[in-house]
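# Architecture at a glance
The chain contents come next:
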Amino acid sequence: MASEAVTPRADRRLRRARAATLVSLATGVWASVLLPAVGLTREPDPGRVALGAVGILAFVIAQTVVLYAAVTPWLDPRWRRRAELSLVAVAVLTVPLVGPVAAGRWPTWAWLGAALIGMTPLLVRWRAALAVAVGVLTVAVAVAWWTGGSVPRHLAVTGGIGVGVAAVNGFQVWFWDLLVEARQGQAAQARLAAAEERLRFGRDVHDVLGHHLTVIALKAELAARLAPVDPERAGREAAEVQRLAASALSEVRATVHGYRTVDLDEQLTAVVGVLRSCGVRCTVLPLPADLPQPAAIELAAVLREASTNVLRHSRADWCRIRIEREDDVARMTVANDGADDRGPDAHSHGLRGLADRLAAVGGELRVRREDAIFTLEATVPVSS
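Conventions we followed
Residues numbered from 1 in each chain as written. Predicted model: local features only at pLDDT ≥ 70, side-chain atom pairs only at ≥ 80, totals over all residues. Heavy atoms only, no water. UniProt positions renumbered as here; feature names shortened; annotations may be inferred. Helix = DSSP H or I, 4+ residues; strand = E, 2+ residues; numbered from the N terminus. Buried < 20%, exposed > 50% of the residue type's maximum accessible area, 1.4 Å probe, protein only. Contact = heavy atoms within 4.5 Å. Axes fitted to C-alpha atoms, helices over the stretch in contact; angles between N-to-C directions. Parallel < 35°, antiparallel > 145°, perpendicular 65-115°, else oblique. Left-handed = near helix turned anticlockwise from the far one by under 90°. Nonpolar A, V, L, I, M, F, W, Y, C, P; charged D, E, K, R; others polar. Pairing = 2+ DSSP bridges. Core = buried A, V, L, I, M, F, W, Y, C linked by side-chain atoms within 4.5 Å. 1 Å grid on protein atoms, 1.4 Å probe; cavity = no way out; pocket = protein on both sides within 12 Å on 5 of 7 lines; lining within 4 Å. Points joined across faces, edges and corners; volume = space filled by probe spheres on them. pLDDT = per-residue confidence, 0-100.

## Examining the UniProt feature "transmembrane region" (unreviewed entry) in the protein
With numbering matched to this structure, UniProt assigns "transmembrane region" (unreviewed entry) to residues 19–38, 50–71, 83–102, 129–148 and 154–176. Strand forms 0% of residues 50–71 and helix 95%; the C-alpha atoms that close the span are 33 Å apart. Counting secondary structure, residues 83–102 comes out at 80% helix and 0% strand; the distance between its end C-alpha atoms is 29 Å.

Quick look at the structure:
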């Protein structure tokens, strides 16, 4: 089954796929469970009808719980195990309750046996499923012998129908596991890209500061030793430490500035690639050709924060990015359909920092939420 680490309830696509899988599984399995009800209509003894109805109803309830657990990876494993054990217990009870119903007229319990075999791919692996199927077929033969029914008929229903349902269910569960693993891979890819960027930035800062800090430490130690015996030289060394510190600070600022002045077109390409790798459909309008570099720098920062919000705070299916110039104003609009109550708002730290940054250059940041649509709009003044 799918990994327990994934949480489809926090992913809109997986929620839909899970619902479709659950409906498909329920339809296939319940279709085989409805047929035992035919035996109730052919049983003349009211007592046996009542007991059979109780057994079939209990089986349907236990089966439904197990179906739900099979495609709900975030459930506690102990809860799932209890559901499976409950189904086993109910299945055993159905033998005396349902087995005698319509004896010799309709293979009532054989249809429940087919449903049991059909559910084995949801509970155990294929080798164990074969063992379970053999056990269920043995019980079907025993029920047929006990009730005076046709052994070949019981075997045909339990084995033939059961194997067909099991094959369909096995394919659906396998496909569901593939979907979950694919979404896990997309999330891991996004985390890896962010981690690689942090490592690259860390290496660059280390390269810039490492040499300077080593020399500064040595010069400062030398100045401290010379201070009592040669104050003049100690002063020169201290001045050299000051110069090296100023140089290191200048180079760090240049490095950080290089990250802040990333090309907007390259930033847009990278953001779209990450979003699409996470399953978000992106629509991007071409950048205006006359967008000045200062405005592009500010909008690149907005784009980074907006894309982070889409990945971390929303469950978006689509995202639209539009950058345009209107006379003396450059405008960026980023909209997505994944807004929820846990998403970012105007008071979040990232958006507040962006608003302050844009305000410093005469720009403005506005956000709005309409139903499930979250829109971020940034404007930056453009010099003529």
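## Some words on the environment of Lys-219
Inspection of the secondary structure puts Lys-219 in helix 7 (residues 151–226). Lys-219 sits in the partly exposed class, given a relative accessible area of 26%. Expressed as a C-alpha distance, the spacing of Lys-219 and Glu-237, which sit 18 residues apart in the sequence, is 6.1 Å. Apart from the residues within four sequence positions on either side, Lys-219 is in contact with Glu-237, Glu-240, Val-241 and Leu-244.

## Observations regarding the packing of helix 3 (residues 46–70) against helix 4 (residues 77–98)
As a packed pair, helix 3 and helix 4 sit with axes 9 Å apart at the nearest point and diverge in direction by 160°. With respect to their mutual orientation, helix 3 and helix 4 come out roughly antiparallel. The handedness of the crossing between helix 3 and helix 4 comes out as left-handed. Here helix 3 contributes Leu-51, Gly-52, Gly-55, Ile-56, Ala-58, Phe-59, Ala-62, Gln-63, Val-65, Val-66 and Ala-69 to the contact with helix 4, which in turn contributes Trp-79, Arg-80, Ala-83, Glu-84, Leu-87, Val-90, Ala-91, Thr-94, Leu-97 and Val-98. Within the contact of helix 3 with helix 4, the residues separate by chemical class into 15 nonpolar, four polar and two charged.

## Concerning the side chain of Thr-108
In this fold, Thr-108 is placed in helix 5 (residues 108–123). When its relative accessible area of 1% is taken as the criterion, Thr-108 is described as buried. Ignoring any residue separated from it by four or fewer positions in sequence, one finds Thr-108 in contact with Pro-36, Gly-39, Val-98, Val-101 and Ala-102.

## Looking at the pairing of strand 4 (residues 364–370)
The pairing of strand 4 with strand 5 (residues 373–381) spans seven bridges and is classified as antiparallel. Within the sheet, the bridge partner assigned to Glu-364 lies in strand 5 and is Thr-379.

## Remarks on the nonpolar core
Most often, soluble globular proteins keep nonpolar side chains buried together rather than apart. Ranked by internal contacts, the top residues of the largest apolar core, which has 36 residues, are Phe-59, Leu-67, Leu-87, Trp-109, Leu-116, Met-119 and Leu-122. If you list the elements that add at least two residues to this core, you get helix 1 (12–34), helix 3, helix 4, helix 5, helix 6 (126–147) and helix 7. Counting 34 residues, the second-largest nonpolar core is a separate cluster that includes Ala-306, Ile-321, Ile-323 and Phe-374.

## Considering empty space enclosed by the protein
Applying the stated criterion across every chain, the model contains two cavities of 30 Å³ or more. Approximately 30 Å³ is the volume attributed to the second largest cavity. What lines the second largest cavity is Gly-99, Ala-102, Ala-103, Gly-104, Trp-106, Pro-107, Thr-108, Trp-109, Thr-147 and His-154.

## Topic: the confidence of the model for the protein
Summarising the model, the protein shows a mean pLDDT of 79, and 82% of its residues fall at 70 or more. Element-level mean pLDDT values for the protein span from 70 in helix 1 up to 92 in strand 3 (residues 329–336). Long-range and interchain partners of residues 1–10, a stretch whose pLDDT sits below 50, account for 29 contacts in this model, where long-range means more than four residues apart.

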